[in-house]
2 protein chains.
Amino acid sequence: MNDTSKGRHCYAHPHPAVTTDIALFTIRDGRIEILLVRRAAPPHAGAWALPGGFVEPGECLEDCALRELAEETGIKGVYLEQLYTFGDPRRDPRERVISVAYYALAPLQRVAGAAAGSEAAALAWFAVDALPELAFDHGAIIERALERLRAKLDYSTIAFQFMPRKFTLGELQEVYETILGEPLDKRNFRKRVQAFGLVHPLGEMRRAAGRRPAALYRAAHPERVDIIK
Amino acid sequence: MNDTSKGRHCYAHPHPAVTTDIALFTIRDGRIEILLVRRAAPPHAGAWALPGGFVEPGECLEDCALRELAEETGIKGVYLEQLYTFGDPRRDPRERVISVAYYALAPLQRVAGAAAGSEAAALAWFAVDALPELAFDHGAIIERALERLRAKLDYSTIAFQFMPRKFTLGELQEVYETILGEPLDKRNFRKRVQAFGLVHPLGEMRRAAGRRPAALYRAAHPERVDIIK
DNA sequence: TTGACATGGTGTCATTCATACACTCAAATA
DNA sequence: TATTTGAGTGTATGAATGACACCATGTCAA
């Protein structure tokens, strides 16, 4: 809290408001989904928006993004990366608001609870190819986040941020195919993943109904996104 | 300008200050150089800083970066790309300042004037491997900009932003070698550049002292940075 | 019990791409 | 006219990539 008469915060020069917005993606049933919040108040009341909010004094940008995500969705412990800063002066009709956009990735299991017990359906998952009406410039933010995600798939281990601790190679391939939007050759895919040493076999099997059990693996470096190639 | 008693700008919640900072690189004599401004006033008086300054109301971030660069250095018409937003709450000792960092590239010819007639040597070029004492977190900004530049060299046509309208293939190769910090095979380099159709021959020659004249080329798309490969 | 079903799991060959490598050419200058 | 300096050019080898088909193993239903 700053000095003020009337409990206001005053500066010698005009200051914009600064927010973070978070595009949190997961993968469900062969689709990329994103978590959105329904806006109750104007502007854009009734439209859907990215979770996010104002940066607090003394808080760094990444902490702000993590806090807003936790406050608005209850979700913690996801992969988070700064995406781009959107600063068009008319992007928010109320006042000048600059948004530092982040994108976040998580395996479905870690976020499955979110939006389930959400009061008044204020929180929901949407497939990114079937988005509802979006507030502000959040459509552009999502588009850019997807671009980044698709690009990074080719030269980094980012896909593992969508994987649970244990997974089969078939599940991993499905994640790649979902993000790229095209099928991959099974043998070449497995060859590559193994050649780069991206996974370690767990020696366990996943038994699934109606088919042969699959070997379970874990990511070689689940906490890290490495550049490969 | 907002409402105010005492000509100040007041808000219901605290707002950070927002600046843009610009890392402008060029290439001279086989070195990457960056343009810095000597700080006259505290904090960090006497240290060198990136050109930059506060975002004005009604001004988008990119325009702010271009304006600050022009105001502080007189330079216009360079390639500009948003780099990263630095928001550590303690990065400026005076108040909370969030900086949207950009990096810019230009051929030496376009910026050779800058820092020449600069009053009181307030403006100077430094080789990036011999930087002076830097203000704020500008060292980290420069480091990240160089990382981005080196990465983009491999999969985009960004190197052409360092080239003048007419250049020889030898000059182009020198730029690549300077950024990568390692020599390249001449024949393979030329093969590649031609195979991707990145240059068009001008049918002119550059006559240089003491050696065979070299064919001059122009960039196929000088205004654009394309992703290749 | 057995047959149908669904996904798991595996290797080779052909092609393309990347890399290493050395000499002659043309102009300027001494 | 001999020397110097960068300009300009092609090939051969190894590595990486991409195309491709079949049998295995479990569940479930008839």
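Here the structure is a predicted model, which is why all the values come from computation and not from measurement.

Some words on the interface of chain B and chain A
Accessible area lost when the parts come together is the quantity often used to give the size of an interface. Taken together, the 31 residues of chain B in the interface contact 31 residues of chain A. Across the interface of chain B and chain A, roughly 2,700 Å² is buried in total on both sides, 56% from carbon and sulfur atoms. Three residues stand out in chain B for area buried against chain A, namely Tyr11, Pro14 and His15 of chain B, and they jointly supply 21% of the buried area on that side. Where chain B touches chain A, the interface holds zero salt bridges. Taken together, chain B and chain A are joined by eleven residue pairs in polar contact (both at pLDDT 80 or more). Listed by contribution, the elements that provide at least two residues to the side of chain B that touches chain A are strand E1 (9–11), strand E2 (17–28), strand E6 (79–86) and strand E7 (97–105) of chain B. It is E6 of chain B that provides the largest number of residues to the side of chain B that touches chain A, a total of four residues. A class-by-class count of the residues in the side of chain B that touches chain A yields 16 nonpolar, eight polar and seven charged. Bridge analysis of strand E1 (residues 9–11) of chain A against E1 of chain B gives three bridges, and the strand direction is antiparallel. Bridging across to E1 of chain B, Tyr11 of chain A finds its partner in His9 of chain B.

Topic: the environment of Asp63 of chain A
Note that Asp63 of chain A resides in helix H1 (residues 61–73). Residues Asp63 of chain A and Asp129 of chain A, spaced 66 residues apart in sequence, show a C-alpha to C-alpha distance of 29 Å.

As for the protein's contact with DNA strand C
Lys186, Arg190, Arg211 and Ala215 of chain A together with Arg212 of chain B are the nearest of the 21 residues found near DNA strand C. The contact atoms of DNA strand C, taken as those within 4 Å of the protein, divide so that sugar and phosphate hold 39%. In this structure, Asp185 of chain B approaches DNA strand C through a side-chain N or O atom, which is 3.3 Å from a base nitrogen. The separation between a base oxygen of DNA strand C and a polar side-chain atom of Arg212 of chain B is 2.7 Å. Of all the elements in the fold, those that place two or more residues in the surface near DNA strand C are helix H5 (186–195) and strand E10 (214–219) of chain A together with helix H5 (186–195) of chain B.

Some points on the relation of the copies chain B and chain A
The operation relating chain B to chain A is a screw motion whose rotation component is 180°, with 0.0 Å of axial translation and a residual RMSD of 0.0 Å. The transformation relating the two chain copies, once decomposed into turn and shift, fits a two-fold axis. Among all C-alpha atoms of chain B, that of Cys10 of chain B lies closest to the rotation axis, at 1.9 Å. Interface overlap between copies is the fraction of interface residues in one copy that are interface residues in the other; for chain B against chain A it reaches 100%, indicating a shared surface.

How each quantity is defined
- Residues numbered from 1 in each chain as written.
- Chains lettered and ligands numbered in written order.
- Predicted model: local features only at pLDDT ≥ 70, side-chain atom pairs only at ≥ 80, totals over all residues.
- Heavy atoms only, no water.
- Contact = heavy atoms within 4.5 Å.
- Buried area = accessible area lost by both parts, 1.4 Å probe.
- Salt bridge = Lys/Arg side-chain N within 4 Å of Asp/Glu carboxyl O.
- Polar contact = N/O pair within 3.5 Å; in protein donor to acceptor, adjacent residues only side chain to side chain.
- Helix = DSSP H or I, 4+ residues; strand = E, 2+ residues; numbered from the N terminus.
- Nonpolar A, V, L, I, M, F, W, Y, C, P; charged D, E, K, R; others polar.
- Pairing = 2+ DSSP bridges.
- Near = heavy atom within 4 Å.
- Least-squares fit on C-alpha atoms with pLDDT ≥ 70 in both.

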